[in-house]
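Examination of the molecular architecture
Take a look at the letters that make up each chain.
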Amino acid sequence: MFDVNKIRQDFWMLQGKTNEGKPLIYLDNGATTLKPNCVIEMINDYYKKFTSNIQRSDYQLAYQVDEAYQKAREVVADFINCQSREVVFTYGATHGLNQVAYGYGLKNLSKNDEILITVAEHASNTLPWYRLAQITGAKVKFIPLDDKGRLTLENVKKMLNEKVKIVSIAHVTNVLGYCSDIKEISKAVHEVGGILVVDGAQSVPHIKTDVKDLDCDFLVFSGHKMCGPTAIGVMYGKYHLLEKMEPLMLGGGMNSRFDASFNVLLKEAPHKFEAGTPNIEAVLGLKAAIQYLQAIGMDNITRYEVQLRKYAISEMKKLDNVIIYNSDADVGIISFNIIDKDKILFGHDVSTYLSKHGLCLRSGNHCAKNLWQHLGTDSTVRCALYFYNTKQEIDKLIEVLKTTTLENCIDAVI
Amino acid sequence: MFDVNKIRQDFWMLQGKTNEGKPLIYLDNGATTLKPNCVIEMINDYYKKFTSNIQRSDYQLAYQVDEAYQKAREVVADFINCQSREVVFTYGATHGLNQVAYGYGLKNLSKNDEILITVAEHASNTLPWYRLAQITGAKVKFIPLDDKGRLTLENVKKMLNEKVKIVSIAHVTNVLGYCSDIKEISKAVHEVGGILVVDGAQSVPHIKTDVKDLDCDFLVFSGHKMCGPTAIGVMYGKYHLLEKMEPLMLGGGMNSRFDASFNVLLKEAPHKFEAGTPNIEAVLGLKAAIQYLQAIGMDNITRYEVQLRKYAISEMKKLDNVIIYNSDADVGIISFNIIDKDKILFGHDVSTYLSKHGLCLRSGNHCAKNLWQHLGTDSTVRCALYFYNTKQEIDKLIEVLKTTTLENCIDAVI
Amino acid sequence: MDSVKDNPILKREIIMDHYQNPRNYNLVDDNNYRQIHMYLDSCFDDIYLQVLINHDIIEDVRFDGVACAIATASTSIMTEIVKGCSIRQADKIIQNYFDMLNQKDYDEKLLKEAIVFDTLGRQANRIKCATIGWKGLKKLIDKNKNDKE
Amino acid sequence: MDSVKDNPILKREIIMDHYQNPRNYNLVDDNNYRQIHMYLDSCFDDIYLQVLINHDIIEDVRFDGVACAIATASTSIMTEIVKGCSIRQADKIIQNYFDMLNQKDYDEKLLKEAIVFDTLGRQANRIKCATIGWKGLKKLIDKNKNDKE
Ligand SMILES: Cc1ncc(COP(=O)(O)O)c(C=O)c1O
Ligand SMILES: Cc1ncc(COP(=O)(O)O)c(C=O)c1O
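Every value quoted in this text rests on a predicted model; they were computed, and no experiment measured them. (Residues numbered from 1 in each chain as written. Chains lettered and ligands numbered in written order. Predicted model: local features only at pLDDT ≥ 70, side-chain atom pairs only at ≥ 80, totals over all residues. Heavy atoms only, no water.)

**Some words on the overall build of chain A**
Along its length, chain A carries 15 helices and 16 strands. Taken over the C-alpha trace, chain A has a radius of gyration of 22 Å; the compact-globule value for 414 residues is 22 Å, and the two agree within 12%. Along the first, second and third principal axes, the C-alpha set of chain A runs to 70 × 55 × 40 Å. Taken over 414 residues, chain A has a buried fraction of 70%. At a minimum sequence separation of 6, the contacts of chain A that also span at least 24 residues come to 71%. As displayed, chain A has an accessible area near 13300 Å², and 48% of this comes from carbon and sulfur atoms. Side-chain charges in chain A split into 47 positive and 48 negative, and the spacing between the mean points of these groups amounts to 1 Å. (Helix = DSSP H or I, 4+ residues; strand = E, 2+ residues; numbered from the N terminus. Rg over C-alpha atoms; globule rule 2.2 N^0.38 Å. Buried < 20%, exposed > 50% of the residue type's maximum accessible area, 1.4 Å probe, protein only. Contact = heavy atoms within 4.5 Å. Areas by Shrake-Rupley, 256 points an atom, 1.4 Å probe, with all protein chains shown as cover. Lys, Arg positive; Asp, Glu negative; His and termini not counted. Charge placed at Lys NZ, Arg CZ, Asp CG, Glu CD.)

**Structural notes on the site of ligand 2**
All names here are of chain A. With respect to spatial proximity, 14 residues lie near ligand 2, and among them Thr94, Asp199, Gln202, Ser222 and Lys225 are the closest. Between His122 and ligand 2, the recorded distance is 3.1 Å, taken from a side-chain N or O atom to an oxygen atom. In the model, an oxygen atom of ligand 2 is placed 2.6 Å from a nitrogen or oxygen of the Lys225 side chain. When isolated, ligand 2 has an accessible area of 390 Å², and the protein chains bury 94% of it. Of the residues that constitute the shell around ligand 2, the class distribution is two nonpolar, ten polar and two charged. (Near = heavy atom within 4 Å. Polar contact = N/O pair within 3.5 Å; in protein donor to acceptor, adjacent residues only side chain to side chain. Nonpolar A, V, L, I, M, F, W, Y, C, P; charged D, E, K, R; others polar.)

**As for the arrangement of the chains**
Most contacts, compared over the five pairs of chains touching, are made between chains A and B. Separated without contact, chain C and chain D have their nearest C-alpha atoms at a distance of 45 Å.

**Some thoughts on the environment of Asn155 of chain B**
Residue and element names in this part refer to chain B. On the secondary structure map, Asn155 appears in helix α6 (residues 153–159). Owing to a relative accessible area of 11%, Asn155 belongs among the buried residues under this scheme. Expressed as a C-alpha distance, the spacing of Asn155 and Pro144, which sit eleven residues apart in the sequence, is 6.4 Å. In this view, Asn155 contacts Ile143, Pro144, Leu145 and Asp146; residues no more than four positions away in its chain are not counted. In this structure the side chain of Asn155 is engaged in a polar contact, spanning 3.0 Å, whose partner is the backbone oxygen of Pro144.

**Description of the interface of chain C and chain A**
Each partner contributes residues to the interface: chain C has 23 residues there, and chain A has 19 residues. For the pair chain C and chain A, the summed buried surface comes to about 1900 Å²; carbon and sulfur atoms form 64% of the total. Taken as a group, Arg12, Tyr19 and Phe44 of chain C account for 31% of the area that chain C buries against chain A, more than any other trio of residues on that side. On the surface where chain C and chain A come into contact, there are two salt bridges. Residue Arg12 of chain C is joined to Asp411 of chain A by a salt bridge in which the shortest nitrogen-to-oxygen separation is 2.8 Å. Linking chain C with chain A are six residue pairs in polar contact (both at pLDDT 80 or more). When residues of the side of chain C that touches chain A are traced back to their parent elements, those giving at least two are α2 (8–20) and α3 (69–82) of chain C. Considering every element that reaches the side of chain C that touches chain A, the biggest residue donor is α2 of chain C, with seven residues. (Buried area = accessible area lost by both parts, 1.4 Å probe. Salt bridge = Lys/Arg side-chain N within 4 Å of Asp/Glu carboxyl O.)

In structure tokens:
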């Protein structure tokens with residue numbers, strides 16, 4: 001059974017008084033998440049009990065780490081339902097998207113081809129495509145969102161044509177938290193002969209993800225947003241695509257041999273994409289994080305978050321100084337602003353005030369800088385829930401939001 | 001005073017029986033190093049006391065981490081004597097070299113230009129240049145080594161001409177441990193208008209590095225080879241070069257703004273090179289590692305290592321089943337093979353036998369696959385010392401090397 | 001201004017007033033003004049600053065943009081203080097303001113209403129907001145000096 | 001072979017003999033042979049394997065390359081065992097060998113001298129060395145089957 005109080009005991013950060021000497025109410029889970037003790041322990045184990053590099057099993061210690069590293073790939077594969085050789089370890093979602101744009105895009109796109117994204121995409125799912133377009137002469141086009149800011153299958157279909165080579169979209173967007181129908185979109189994209197890249201940074205941590213079922217061609221995500229360490233991510237790719245892709249980085253560990261006559265034999269995928277000493281510690285940490293999430297159950301996590309979000313929305317709606325931009329979104333992200341004297345309070349001022357009460361919420365444009373014309377505001381305050389948040393924390397948020405005035409925001413600073 | 005026994009108490013890994021149930025004798029420091037407790041503690045602190053993402057100081061926790069992250073840059077700058085804005089955090093030396101090749105090389109090289117490296121370079125300092133040459137039409141040429149495998153100023157000068165745009169060499173090579181005269185080489189390279197890239201992966205951990213004094217244009221190194229965490233490295237670059245360079249990866253955190261009309265304004269260096277959530281944990285860990293090394297003193301570290309190496313060499317020379325390939329090298333790397341019945345024992349067989357006695361040594365080509373023609377052997381066993389190794393450990397190595405026969409190697413396996 | 005220093009309610013009122021009715025707001029379309037664009041990635045503050053310098057006297061300072069209460073108010077207050085000052089005097093005022101935020105010794109009299117931020121240095125994550133306009137002015141003045149040399 | 005199983009000295013001698021005098025060593029230049037290149041990045045083992053299959057009988061197996069004692073000896077032993085076998089039989093032997101290394105049940109009689117590796121499964125990091133030649137043979141046999149279908 002899902003028992004949030006028991007779960008909270010797994011998190012050191014939730015025990016003390018970690019923000020401004022107040023008990024931490026961490027609602028910035030879209031940026032990064034807290035780590036359960038088992039992940040921290042795994043990292044400690046690597047550094048205290050079996051530090052060593054991988055890829056050479058000359059001595060037992062190294063072999064142990066090598067095995068654990070390979071095992072982690074299997075755990076990831078099981079988690080998203082693919083083969084382990086389709087799991088490429090990256091340094092994060094950003095790295096993964098750059099790898100796809102460079103490795104697949106440069107080879108397969110040319111002048112007049114089209115890349116489709118939306119204005120709700122994160123910078124990391126926008127800028128690599130801008131550059132790819134610039135280099136290849138392809139065009140980036142934006143699939144229009146509906147008036148709530150959602151991506152609909154209809155709008156995707158309207159934009160599809162045989163020039164479309166790549167469609168790259170978030171499964172769940174990081175500002176509005178809408179979940180797109182990847183399965184249907186993927187069908188439509190494949191019908192015109194394109195490939196579908198899914199940015200899973202905000203979805204994989206929150207909803208069960210099955211790449212076979214979704215039938216996407218690539219999926220990227222980041223460990224640190226799902227209870228794992230920083231600088232570890234995954235790029236899933238269908239194997240036949242990975243086989244033909246060029247690595248973004250070259251170096252040790254990813255080649256089988258090379259000589260002074262410029263003959264180079266790369267390893268097979270996934271290894272050819274993992275140049276240099278990888279983030280060993282974090283690969284092991286990610287494994288622990290995934291096993292932790294699986295033990296709780298991804299479905300339980302989603303169900304709990306949806307419930308908690310509903311509660312938060314209904315409470316926030318009772319306040320008349322709050323504008324919510326995505327009341328009906330699918331997962332735990334709530335984007336809002338506070339009004340005082342008929343004016344939207346600047347997010348940074350609001351966050352500072354909330355912080356004084358232990359509440360950690362991020363404000364700003366959340367790296368989705370193309371979205372703002374659409375929403376009619378420059379920035380929002382973002383409450384991003386995770387499965388360790390509670391109703392009591394929401395109650396505290398509501399209580400503090402009630403008193404969020406320009407006066408109080410200023411008093412928080414001077 | 002340098003007291004190795006006291007130092008060893010700083011390392012968890014050196015306390016228990018960590019390899020095959022034997023006290024660990026870790027001599028694979030060229031691959032990665034053990035981590036002192038202060039580094040592990042710093043990582044724990046980040047995960048247990050102040051987990052949060054950087055770049056947005058909306059609440060106190062995030063601000064704290066942001067400050068620590070910036071502070072780490074200053075600590076690195078102080079360590080290698082540059083400005084903090086010249087310190088780019090990378091995921092490792094490999095990432096750094098790829099970033100230089102992509103960001104500087106693609107822009108500045110064209111057909112008939114020349115890139116100089118040596119056959120002693122690591123794969124990570126070879127393959128990015130092969131690709132750069134392939135794309136731009138420039139040529140990679142090899143500066144000949146002398147008969148001991150050393151890079152001499154004379155040989156560099158012989159190869160220099162006005163077509164040479166990039167010279168990229170290791171300060172200390174990872175197989176033979178020879179230290180090149182970067183300061184003089186840099187002068188010579190600048191005279192013909194080229195730039196000098198220094199691979200410091202094996203030097204920065206072992207000898208005091210002053211980029212102003214060396215006057216190199218770029219220097220890359222990895223944290224995990226100098227008591228720091230995995231997946232953190234540094235790319236130092238002269239600021240005017242960084243300013244003109246293109247980032248290898250694009251995404252969140254490295255842009256100031258962008259819009260749907262494809263206008264993109266990147267942040268200034270070093271930030272424009274740090275796309276996505278960086279390895280926050282490891283940046284803080286690297287800071288702790290550097291401060292730890294500084295407290296011991298880099299000069300003390302070098303002195304101790306040189307001494308210990310001398311001792312090891314003199315003891316190994318007494319054995320007649322050992323061939324040493326680099327007796328007179330400068331720092332703690334000893335590359336050797338064992339002879340039994342007039343035949344070189346295969347390195348992997350030797351390593352397995354040594355491992356049974358707690359000794360961790362790597363064998364193989366150490367990612368410098370171009371070097372082997374030069375040495376006349378396919379691979380070596382590598383003993384790579386660090387400041388926490390002791391004479392007693394060397395004595396144990398010698399004792400076990402004496403009994404390293406084909407028979408014993410086989411018995412170790414069956 | 002001593003009364004302000006010990007009077008948090010008065011401080012807050014001054015800041016609110018400058019935030020809600022920023023002085024010297026809106027830019028002018030005049031090539032004699034030097035202009036600079038200042039922005040903070042970490043807070044989304046984004047302002048444009050203009051200054052008109054004649055014979056080493058700051059004849060006008062103007063600003064515009066989107067910014068938080070602290071950034072807007074501190075910039076607005078700055079424009080009022082330095083308008084009419086000589087460049088040397090402005091330099092001194094700016095230095096004093098930074099000293100105050102860095103919790104060093106400073107000369108209160110020079111800072112006039114800017115004294116409302118005397119304790120802001122304790123809220124380290126907002127120092128950037130409170131200095132964005134001031135740093136912009138400093139850059140414009142320095143550019144002016146360099147151009148004349 | 002029971003005597004071998006319990007006799008580490010004999011085991012070692014067999015392995016040494018095959019390492020120092022590998023059987024069926026050196027490749028032939030004959031297009032009727034199928035060839036495969038097998039290498040381990042993690043151990044630097046690097047061998048070429050050739051097989052001549054006629055009417056489902058393995059008429060010849062040869063190998064060449066640079067490899068550690070375990071890889072060389074295990075491959076050499078393999079060539080002796082499977083030469084003359086039918087493909088079906090070879091498949092069975094290979095499966096038994098893998099079972100032995102994976103510490104599962106297996107039929108000793110089929111493995112002949114390869115029984116010297118019966119405890120190698122406990123030294124997990126060397127399993128790759130002890131199987132490199134065997135995996136190569138398996139691939140060549142599978143290819144042969146596929147080509148015929
Ligand atoms: C000389 C040299 N250069 C580069 C590297 C690559 O370092 P990393 O794997 O940390 O990227 C190494 C590490 O083995 C090295 O020894
Ligand atoms: C939707 C989305 N995509 C991509 C990213 C980039 O992830 P990372 O910074 O871990 O590379 C984020 C993180 O903010 C995100 O929310």
